[in-house]
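Chain by chain, the residues:
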Amino acid sequence: MMDIISQLQEQTNKIAGLTFNTFGTLQRDSPAVKLSPNYREPPANPSDDAANFAEQPKLMSAALVQAAKQFDALVAALPLADGGEEAQLKRIAELQAENDTVGQELQRQLEAAEEELKQVRELFSQAADNCLNLKKPD
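Computed from a predicted model, the values in this text were never measured in an experiment.

**Notes on the overall build of the chain**
A tally of helices and strands in the chain yields three helices and zero strands. Of the regular secondary structure in the chain, the N- to C-terminal order runs α-α-α. Taken across its 138 residues, the chain has 8% of its residues classed as buried. Taking all contacts inside the chain whose residues are at least 6 apart in sequence as the whole, residues at least 24 apart take part in 71%. Summed over its atoms, the accessible surface of the chain is roughly 11900 Å², and 58% of this surface lies on carbon and sulfur atoms.

**Description of the pattern of salt bridges**
Applying the stated criterion across every chain yields a total of three salt bridges. R108 is the salt-bridge partner of E105, the closest N and O atoms lying 2.9 Å from each other. In this pair, E105 and R108 are both assigned in helix α3 (residues 84-134), three residues apart and thus about one turn of the helix distant.

**Quick notes on the side chain of T25**
Position of T25 relative to the elements: it lies in helix α1 (residues 4-29). Exposure remark for T25: the relative accessible area of 10% places this residue in the buried category.

**Some thoughts on the UniProt feature "coiled-coil region" (unreviewed entry) in the chain**
Following the UniProt record, the feature "coiled-coil region" (unreviewed entry) maps to residues 92-130 here. Between the end C-alpha atoms of residues 92-130 the distance is 56 Å, and the span holds 100% helix and 0% strand.

**Comments concerning the confidence of the model for the chain**
For the chain, per-residue confidence averages 85 on the pLDDT scale, and residues scoring 70 or more make up 88% of the total. By mean pLDDT, helix α2 (residues 50-77) is the weakest element of the chain at 86, and α3 is the strongest at 92.

**Remarks on the side chain of Q56**
For Q56, the location among the structural elements is in helix α2. With residues up to four places along the chain from it excluded, the contact list for Q56 reads T25 and D29.

**What to know about α1**
The end-to-end C-alpha separation of α1 is 36 Å, in line with the 38 Å expected for 26 residues at 1.5 Å each. Buried residues of α1: Q7, L8, Q11, T22, T25 and D29, and no others.

Cut-offs and rules
- Residues numbered from 1 in each chain as written.
- Predicted model: local features only at pLDDT ≥ 70, side-chain atom pairs only at ≥ 80, totals over all residues.
- Heavy atoms only, no water.
- Helix = DSSP H or I, 4+ residues; strand = E, 2+ residues; numbered from the N terminus.
- Buried < 20%, exposed > 50% of the residue type's maximum accessible area, 1.4 Å probe, protein only.
- Contact = heavy atoms within 4.5 Å.
- Areas by Shrake-Rupley, 256 points an atom, 1.4 Å probe, with all protein chains shown as cover.
- Salt bridge = Lys/Arg side-chain N within 4 Å of Asp/Glu carboxyl O.
- UniProt positions renumbered as here; feature names shortened; annotations may be inferred.
- pLDDT = per-residue confidence, 0-100.
- Expected span 1.5 Å × (residues − 1).

And the structure:
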């Protein structure tokens with residue numbers, strides 16, 4: 001089972017997809033409208049099904065509302081932070097300090113590994129040179 005954050009991300013993607021599909025469908029299937037009395041009548045779309053078009057916005061709206069309700073239910077299921085905003089800010093500061101400490105340690109380890117790699121390359125170069133010098137000329 002997915003954790004709540006993953007479910008929220010999935011639900012957000014679902015809502016975005018429904019929204020884009022709804023707008024696209026409405027754009028594609030809506031009947032043409034005369035913008036001004038100065039323009040000629042817009043051509044009728046021969047494949048328009050008025051009853052089907054009238055139902056599409058209702059169905060799509062219902063799907064969006066249902067997805068939004070599921071999202072709200074997931075948000076309500078999130079655990080509440082103990083101590084309110086002040087405790088959250090304190091926890092964030094602690095996590096940032098821990099992150100900085102770990103980052104510095106990783107940087108030291110990276111520098112040590114780069115130095116070790118440099119030494120290994122020098123030793124390899126010396127070993128290769130020694131092997132070449134031991135080889136008898138043809």
